[in-house]
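Residues per chain, in single letters:
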Amino acid sequence: MRENNKIVASSYEEFVLYNRIRTNKALNLILWGCALVGPALAIGIKAGVYAFISYASAVGLSALLVVLASVHYVMCKKMTDSIWTGLFAIISLDTAVVFLIYARANITMTLFLVPLIALFFCDRKIYLITVVINYLVLMGAEWMVSDFMSSLRTDMSSSIKWFVYAVSGYAIETIILGATGYALSLEISNYFHNLYDSQKDLSDKEKKIMEQLEILNAISDIYGHISIINLKDKLITNINSTGQSLETFEIDESGISEINKGMLPILRKEDIDNFVEFTNLNTLAERMSKRSVIYKEFDSSLIGWFRAQYIAVTGLQDQFIYTIQDIDDVKRKEESLVRISNTDELTKLLNRRAYEEELKKLRDEGMSDNLVLYYVDINGLKQVNDDLGHNAGDEIIEGTADCIRSAVGDNGKIFRTGGDEYQIIIDTDENPNDIKKRILDTVSEWSGKIVKSLAVSVGYAGVKDNPGCRIEDLEHKADEQMYLEKNKYYRNKGIDRRGQKAVYDVVCDTYTKILRVNLTNDSYQIINMPEHEKKSDKGFSGAFSTWITNFGKSGYVHHDDLAEYLESTDVDYLKKYFDDGNKRISIFYRRKYDDEFKQVMMEMIPSSEYSRDCQELFLYVKDIDR
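Residues numbered from 1 in each chain as written. Predicted model: local features only at pLDDT ≥ 70, side-chain atom pairs only at ≥ 80, totals over all residues. Heavy atoms only, no water.

A. Region of the structure containing the sheet that holds strand β9 (residues 371–378). Pairing is antiparallel across the open sheet formed by four strands, whose spatial order is β10-β11-β9-β12. Only two strands of the sheet have a single neighbouring strand rather than two, namely β10 (412–416) and β12 (456–462). Adjacent strand axes in the sheet meet at a mean angle of 15°, parallel and antiparallel pairs treated alike. In this structure, β10 lies alongside strand β11 (residues 421–427), joined through five bridges in antiparallel fashion. (Pairing = 2+ DSSP bridges. Helix = DSSP H or I, 4+ residues; strand = E, 2+ residues; numbered from the N terminus. Axes fitted to C-alpha atoms, helices over the stretch in contact; angles between N-to-C directions.)

B. Main features of the environment of Asp561. Among the structural elements, Asp561 can be located in helix α19 (residues 559–568). Each C-alpha atom, one on Asp561 and one on Arg591, is 9.3 Å from the other, the two residues being 30 residues apart in sequence. Not counting residues within four places of it along the chain, the set of residues in contact with Asp561 comprises Tyr589 and Arg590. (Contact = heavy atoms within 4.5 Å.)

C. Representation of α19. Considered for burial, the residues of α19 that qualify are Asp561, Tyr565 and Ser568. Seen from one end, α19 has its buried residues packed into an arc of 65°, which puts them on one side. Summarising the geometry of α19, the exposed residues directed more than 90 degrees from the buried face are His559, Ala563 and Glu567. Packed against the buried residues of α19 are α18 (544–556), α20 (571–579), β16 (585–593) and β17 (596–606). (Buried < 20%, exposed > 50% of the residue type's maximum accessible area, 1.4 Å probe, protein only. Arc of directions from axis to C-beta.)

D. How the structure looks around unusual backbone geometry. Notably, Lys234 is not glycine yet its phi reads approximately 55°, a positive angle. Within the fold, Lys234 resides in the loop between β3 (225–230) and β4 (235–239). Although it is not a glycine, Asp594 sits at a positive phi angle of roughly 55°. Residue Asp594 is classed as exposed on the basis of its relative accessible area of 72%.

E. Structural view of the packing of helix α12 (residues 352–365) against helix α16 (residues 471–492). Orientation of α12 relative to α16, taken along the N-to-C sense of each, is 130°, at an axis distance of 10 Å. Taken as axis vectors, α12 and α16 run oblique relative to one another. On α16, the residues that touch Tyr355, Leu359, Leu362 and Arg363 of α12 are Ile471, Glu472 and Glu475. Tallied by class, residues from the contact of α12 with α16 come to four nonpolar, no polar and three charged. (Parallel < 35°, antiparallel > 145°, perpendicular 65-115°, else oblique. Nonpolar A, V, L, I, M, F, W, Y, C, P; charged D, E, K, R; others polar.)

F. View of helix α9 (residues 269–278). Within α9 the residues assigned to the buried category are Asp271, Phe275 and Phe278. Looking down the long axis of α9, one finds its buried residues gathered within 60° of arc, a one-sided arrangement. Of the exposed residues in α9, the ones pointing more than 90 degrees away from its buried face are Lys269, Asp273 and Glu277. Buried residues along α9 sit against α8 (258–263), α10 (284–287), β6 (293–300), β7 (304–312) and β8 (319–326).

G. The nonpolar core, seen in detail. Formed by 28 residues in total, the largest nonpolar core has its most connected members in Tyr374, Ile378, Ile396, Ile404, Tyr422, Ile424 and Ile439. The set of elements that each furnish at least two residues to this core consists of β9, α13 (381–388), α14 (390–408), β11, α15 (432–444) and β12. Sort the elements by how many residues they give to this core and α14 lands first, with eight residues. The contacts of Tyr374, once residues within four sequence positions are left out, are Tyr422, Gln423, Ile424, Ile426, Pro432, Asn433, Ile435, Lys436, Val458, Gly459 and Tyr460. Val517, Ile587, Met602 and Met604 belong to the second-largest nonpolar core, a separate cluster that totals 25 residues. (Core = buried A, V, L, I, M, F, W, Y, C linked by side-chain atoms within 4.5 Å.)

H. A look at a nonpolar patch on the surface. Where nonpolar side chains cluster on the molecular surface, the patch consists of Trp32, Val66, Tyr73 and Val74 and spans about 350 Å² of accessible area. Take the nonpolar patch: its biggest share by element is three residues, from helix α3 (residues 55–78). With respect to the secondary-structure elements, Trp32 resides in helix α1 (residues 12–34). (Patch = residues over 30% accessible without salt bridge, like charges linked within 9 Å, V, L, I, M, F, W, Y side chains within 5 Å. Areas by Shrake-Rupley, 256 points an atom, 1.4 Å probe, with all protein chains shown as cover. Salt bridge = Lys/Arg side-chain N within 4 Å of Asp/Glu carboxyl O.)

I. Geometry of the packing of aromatic side chains. According to the stated counting rule, one finds 19 aromatic pairs in the structure shown. Between Phe544 and Trp547, the ring centres sit 6.4 Å apart and the planes meet at 35°, which makes this aromatic pair tilted. Taken together, the positions of Phe544 and Trp547, both in helix α18 and three residues apart, correspond to about one turn of that helix. Classification of Phe544 by relative accessible area gives buried; the value is 0%. (Phe/Tyr/Trp six-rings, centres within 6.5 Å; stacked < 30°, edge-to-face > 60°.)

J. Region of interest: the confidence of the model for the protein chain. Across the protein chain, pLDDT averages 80, with 81% of residues at or above 70. Predicted confidence is poor over residues 1–5, with pLDDT under 50, and the contacts of this stretch with residues over four places away or in other chains come to seven contacts. Residue range residues 536–540 is modelled with pLDDT below 50. Its contacts to residues more than four positions away, or to other chains, number 14 contacts. (pLDDT = per-residue confidence, 0-100.)

K. Inspection of the side chain of Asn351 at higher detail. Locating Asn351 in the fold gives a position in the loop between α11 (328–341) and α12. In this structure the side chain of Asn351 is engaged in a polar contact, spanning 3.1 Å, whose partner is the backbone nitrogen of Ala354. Dropping the residues within four chain positions of it, Asn351 is found in contact with Ser341, Asn342, Thr343, Asp344, Phe415 and Arg416. (Polar contact = N/O pair within 3.5 Å; in protein donor to acceptor, adjacent residues only side chain to side chain.)

L. Representation of the environment of Val16. Structurally, the position occupied by Val16 is in helix α1. Using a relative accessible area of 11% as the deciding quantity, one classes Val16 as buried. Distance in space between the C-alpha atoms of Val16 and Ser189 is 9.4 Å, their sequence separation being 173 residues.

M. Main features of the pairing of β4. The buried fraction of β4 is high, at four of five residues. Note: β3 against β4, five bridges, orientation antiparallel. Across the sheet, the residue bridging to Ile228 is Thr237, located in β4. Between β3 and β4, which pair antiparallel and follow one another directly, the connecting turn spans four residues, one of which, Lys234, has a positive phi of 55°.

N. Region of interest: the packing of helix α2 (residues 37–47) against α3. At a minimum axis distance of 7 Å, the contact between α2 and α3 shows a crossing angle of 170°. In this view, α2 runs roughly antiparallel relative to α3, as classed from their interaxial angle. In this structure, α2 meets α3 at a crossing whose hand is right-handed. The segment α2 lies against α3, with Val37, Gly38, Pro39, Leu41, Ala42, Ile45 and Lys46 engaging Tyr55, Ala58, Leu61 and Ser62. Classifying every residue of the contact of α2 with α3 by side-chain character gives eight nonpolar, two polar and one charged. (Left-handed = near helix turned anticlockwise from the far one by under 90°.)

O. Structural context of a negative patch on the surface. Negative charge collects at one region of the surface, where Glu564, Glu567, Asp570 and Asp572 lie side by side. Note on placement: Asp572 falls in helix α20. Classification of Asp572 by relative accessible area gives exposed; the value is 57%. (Lys, Arg positive; Asp, Glu negative; His and termini not counted. Charge placed at Lys NZ, Arg CZ, Asp CG, Glu CD.)

This is how it looks when you write it as structure tokens:
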């Protein structure tokens, strides 16, 4: 190929081809230059140097070379890189030398220089052909001048004897010339082969380096900082945004790089020790021994959230890439999504899902001695909905949330877990009863636009007063205390709830299972269940969709009834079914008891507080195969 009008060969083979072109052009200039030999001979004849050469020979030589040079010029235009073009030039030079010998010019040595010109082609084949042609030309030339040359020698009795004498000497010289030139050609060929192999290796390495730099350039758009760590040589090379090396530092005894030392002042105090431990290069090899990547995320005052990451370099021991990546936007979006998924839409408090996650955390990590769990329930929400409408109900739901938020402040986490139910988890050494009183006082002072007053019942249970209790036990105790407060509230209002209790007992005797289900939150609450099926905990237990599906697939539902059972109990199906205004759904299936199946009926009925925002219903299961 060409660069800046110069031929650039990328391989030895290309070099030979391009060199043949250049040599052919150079030989054409030599042929034109040799045409001046005729005038030079004429000057020599005039000066009496050449006694046996005529002016006609000088003119003939120049004319011959002009013709040969012209033919060769045309060949260079038509077939510049052809071997035949080069051989024609060599034979033309041989022809000119033969002409000179025939004209009685004693320039035999010049004929031996012609094959050496062929070495410029860097082609041993051309060279050997030239040597052979050269020897044949010499034989022909000596045959033509043998009569003349023998007449000059008194020791030569005939032209044949001179011819044999001459070509024998030429044979020895040709063998020496051929061997020497071949060795030289071989050396030249090897030299250029090695030169271009080295060039190719360098080119490949340069290409690989450029590819690596392009990769670094690409990832520099993602990572705010990149370092190459060589633990063997104890060196760190920092890379800038263009993928070029900036500076190389030695790893000091602390094992903390300069860039990481610079990060310490902007980290949150609670993250500093963790960051120092993670970025300690003295322990990096051990931590990366069975991993290809390790990373941790930290929060800073300057760039927000960032991810520090170590990546093992494949195939190279003790070498790692260290990156710092800005993930603040991603982290904020992630936190926002988590917050939305864990937030009750109406009150902006934490929801049932967040409550279940908090309970799991307390089960896994344990509870402090100062932990207190509160149950808060709105009194008379159903009556407000019936008398004043759901807008009024929403007002007192939001009002209750505001009152609890005001009374608790930042001392605890507040959850709305049902239509009129709230849970509070507080870790404080404050007297739990003082917090309860503050909630009740705040509620008593509340007044809304539609509803003028608000009442709640509050129950609580703390670890300090119930040592050894599980979180489920605290839930049960707080729930019981809250219901005692609720019953007391209704007695003071003159509302007889004992009749409701009697009805409740009859319903529980009639139905083997009663659940309160919230389709919106995909949750359920156990109201009644056979003793052998009851769990140790009371209240909501995971996702309703998971529970109802697992029960069907566990073998308790007859396989002939399973498809209809799963379709009819699908949460999305139920939402649409009741949103369309249906008041009841009955599902009949065979349920396994011990070793036999019995016919049962499952009914689901929307609660009086059912709405698209709070899709609550009751689920009843009754044995009908008796």
